[in-house]
Amino acid sequence: MDKKKVNISISIKDIKLSSCIMNASGAICTTEKELNDLLKSSSGAIVTKSCTFFPRKGNVKPRYFYCEYGSINSMGLPNLGIDFYLDFLEKNKTEKPIFLSISGLSIEENCFLLKKASLSSKVTAVELNLSCPNILGEEEIIGYDFYKLSYFLKEIFKFYKKPLGLKLPPYFKEIHIKNVAIILNQFPIYFVTCINSIPNGIFVNSTTESVVIYPKKGFGGIGGLSIKPFALANIRLFHLYLRKEISIIGCGGITNGVDIFEHILCGASAVQVGTQFIEEGISIFDRLKKELISILEKKNYSSIDNFKGNLKDLV
Ligand code: RRO
């Protein structure tokens, strides 16, 4: 029997992605060279490093560490400032959707950044980061403060009319995801990206008997392999509780095509790759695309929609 032609393109409302695989914000997407490499790659979209109004150097190094079970980081939002990213997009023509990640240090700064971003025709959507775990001396992660989250979204949609996605922190109880979804369902949000790194982890070097990163006495956000089960659970529950018009971009622990397949089975429309992209470099997008297509061919699925969200219970 002839194999079906496999198509891994997807749409998030009117935004069309030729591939469902993209980088995660923060992974090799801060400088001009890094963004140019992403433009030339086979990623289905580009997400920029979360930006602030002023450029930031970020936290003291070493601030990222990788080992076989994942990564820990306390980068502290190093970025070149929103004007750099908007200028870069003005200068570089591309058909690829561009998700400008923003992460202001206050609600007021975020509103200002959103107003600025909405003036650019080159920004396809803003991915508003509500979940950075590493800002020294800053207040709580907004995604964990449901009153603030609700207030903030009401303020934003008074003036912001372009496509908006939210980068969410990991939640660890079903009721929290249900309550967040009840809030998000009231707004014309395009997508949620879940999950950001798991905050307040620690890696220990038993030889030196010390932590492995400098800032915050070694505490940082955990990414990579070990967070995949938490990413999958967040995707699964948001798929259950969000309005169907809000897409889910899965992020957490993707190293191969099977991981992507699992994210989509749980309900993701697209995926982002962070830690493994940092470790492997730009060729990862070709490899992951090939691996995902090969799985779909073997399973006789021709599109992402054929199996999205169809995770089965054991009976
Ligand atoms: O820059 C960071 O420290 C950072 C950010 Br903004 C984020 O959203 N997630 C993360 O793990 N690190």
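I will try to describe carefully the structure that is included in this document. (Residues numbered from 1 in each chain as written. Predicted model: local features only at pLDDT ≥ 70, side-chain atom pairs only at ≥ 80, totals over all residues. Heavy atoms only, no water.)

**Let's talk about the nonpolar core**
Soluble globular proteins tend to bury their nonpolar side chains together. Within the largest apolar cluster, 96 residues are counted, with the highest numbers of intra-cluster contacts made by Ile21, Leu153, Leu184 and Phe238. Counting residues per element, this core draws most heavily on helix H9 (residues 284-299), which supplies 6 residues. Beyond its immediate stretch of four places on either side in the chain, Leu153 contacts Leu166, Ile183, Leu184, Phe187 and Ile189. (Core = buried A, V, L, I, M, F, W, Y, C linked by side-chain atoms within 4.5 Å. Buried < 20%, exposed > 50% of the residue type's maximum accessible area, 1.4 Å probe, protein only. Helix = DSSP H or I, 4+ residues; strand = E, 2+ residues; numbered from the N terminus. Contact = heavy atoms within 4.5 Å.)

**Focus on the packing of helix H2 (residues 82-91) against helix H3 (residues 107-118)**
For the pair H2 and H3, interaxial distance at closest approach is 11 Å and the crossing angle is 15°. Here H2 is positioned roughly parallel relative to H3, judged by the angle of their axes. In this structure, H2 meets H3 at a crossing whose hand is right-handed. Between H2 and H3, the contacting residues are Ile82, Asp83 and Leu86 on the first element and Leu113, Lys116 and Ala117 on the second. Tallied by class, residues from the contact of H2 with H3 come to 4 nonpolar, no polar and 2 charged. (Axes fitted to C-alpha atoms, helices over the stretch in contact; angles between N-to-C directions. Parallel < 35°, antiparallel > 145°, perpendicular 65-115°, else oblique. Left-handed = near helix turned anticlockwise from the far one by under 90°. Nonpolar A, V, L, I, M, F, W, Y, C, P; charged D, E, K, R; others polar.)

**Some details on the packing of helix H5 (residues 174-184) against helix H6 (residues 228-241)**
Look at H5 against H6: their axes get within 9 Å of each other, and the N-to-C directions meet at 45°. When the interaxial angle is binned, H5 and H6 end up oblique. The element H5 and its partner H6 pack so that their crossing is right-handed. Every residue of H6 that contacts H5 at Glu174, Ile177, Lys178, Val180 and Ala181 is listed here: Asn234, Leu237, Phe238, Leu240 and Tyr241.

**Some details on the environment of Ile278**
Note on placement: Ile278 falls in helix H8 (residues 275-280). In this structure Ile278 comes out as partly exposed when scored by relative accessible area, which is 34%. C-alpha separation for the pair Ile278 and Tyr66, spaced 212 residues apart in sequence, amounts to 9.5 Å. Non-local contacts of Ile278, meaning those with residues more than four positions away in its chain, are made with Ala27, Ile28 and Tyr64.

**Some words on the sheet that holds strand E3 (residues 21-23)**
Either a parallel or an antiparallel arrangement is found when strands of a sheet pair, and the pairing is made through backbone hydrogen bonds. What the 8 strands build is an open sheet, ordered E3-E16-E15-E10-E9-E8-E7-E4; its pairing is parallel. The outermost strands of the open sheet, each flanked by one partner alone, are E3 and strand E4 (46-47). Pairing geometry for strand E8 (residues 125-129) and strand E9 (residues 164-168), over 4 bridges, is parallel. If you follow Val126 over to E9, its bridge partner there is Leu164. (Pairing = 2+ DSSP bridges.)

**Digging into the side chain of Asn234**
As for its position among the elements, Asn234 is in helix H6. Overall, the relative accessible area of 1% leaves Asn234 in the buried class. Look past the residues within four positions of Asn234 in its chain and what remains in contact with it is Pro169, Pro170, Tyr171, Ile177, Cys194 and Ile195.

**Description of a nonpolar patch on the surface**
Judged by side-chain polarity, Ile202, Val204, Val211 and Phe219 come together as a nonpolar surface patch covering roughly 330 Å² of accessible area. Take Val211: it is sitting in strand E13 (residues 210-211). Classification of Val211 as partly exposed rests on a relative accessible area of 31%. (Patch = residues over 30% accessible without salt bridge, like charges linked within 9 Å, V, L, I, M, F, W, Y side chains within 5 Å. Areas by Shrake-Rupley, 256 points an atom, 1.4 Å probe, with all protein chains shown as cover. Salt bridge = Lys/Arg side-chain N within 4 Å of Asp/Glu carboxyl O.)

**What to know about H5**
The α-helix winds at 3.6 residues per turn, so residues separated by three or four positions along the chain end up facing the same way. If you check which residues of H5 are buried, you get Ile177, Val180, Ala181, Ile183 and Leu184. Projected down its long axis, H5 shows its buried positions confined to an angular sector of 155°, all on one face. At its buried positions, H5 is contacted by helix H4 (146-159), E9, strand E10 (191-194) and H6. (Arc of directions from axis to C-beta.)

**So, the site of the ligand**
Surveying the vicinity of the ligand reveals the residues Lys49, Asn73, Met75, Gly76, Leu77, Pro78, Asn129, Cys132, Pro133, Asn134, Asn196 and Ser197. For the ligand, an oxygen atom lies 2.8 Å from a polar atom in the side chain of Lys49. Note that an oxygen atom of the ligand is positioned 2.8 Å from one of the side-chain N or O atoms of Asn196. For the ligand, whose accessible area on its own is 310 Å², the fraction buried by protein is 93%. Classifying every residue of the shell around the ligand by side-chain character gives 5 nonpolar, 6 polar and 1 charged. (Near = heavy atom within 4 Å. Polar contact = N/O pair within 3.5 Å; in protein donor to acceptor, adjacent residues only side chain to side chain.)

**Some details on unusual backbone geometry**
Leave glycine aside and you will find that most residues have negative phi; peptide bonds, for their part, are mostly trans. Looking along the chain, the bond that leaves Lys61 and enters Pro62 is cis, with omega of 0°. With an omega of 20°, the peptide bond running from Cys194 to Ile195 counts as cis. As for its placement among the helices and strands, Ile195 is situated in the loop between E10 and strand E11 (198-202). Despite not being glycine, Leu77 shows a phi value in the positive range, around 65°. Relative to the assigned elements, Leu77 resides in the loop between strand E6 (70-73) and H2. Overall, the relative accessible area of 3% leaves Leu77 in the buried class. At Glu209, a position not held by glycine, the phi torsion is positive, near 55°. One can find Glu209 in the loop between strand E12 (204-205) and E13. Judged by relative accessible area, Glu209 falls into the exposed class, the value being 71%.

These results come straight from atomic positions and should not be treated as a statement about function.
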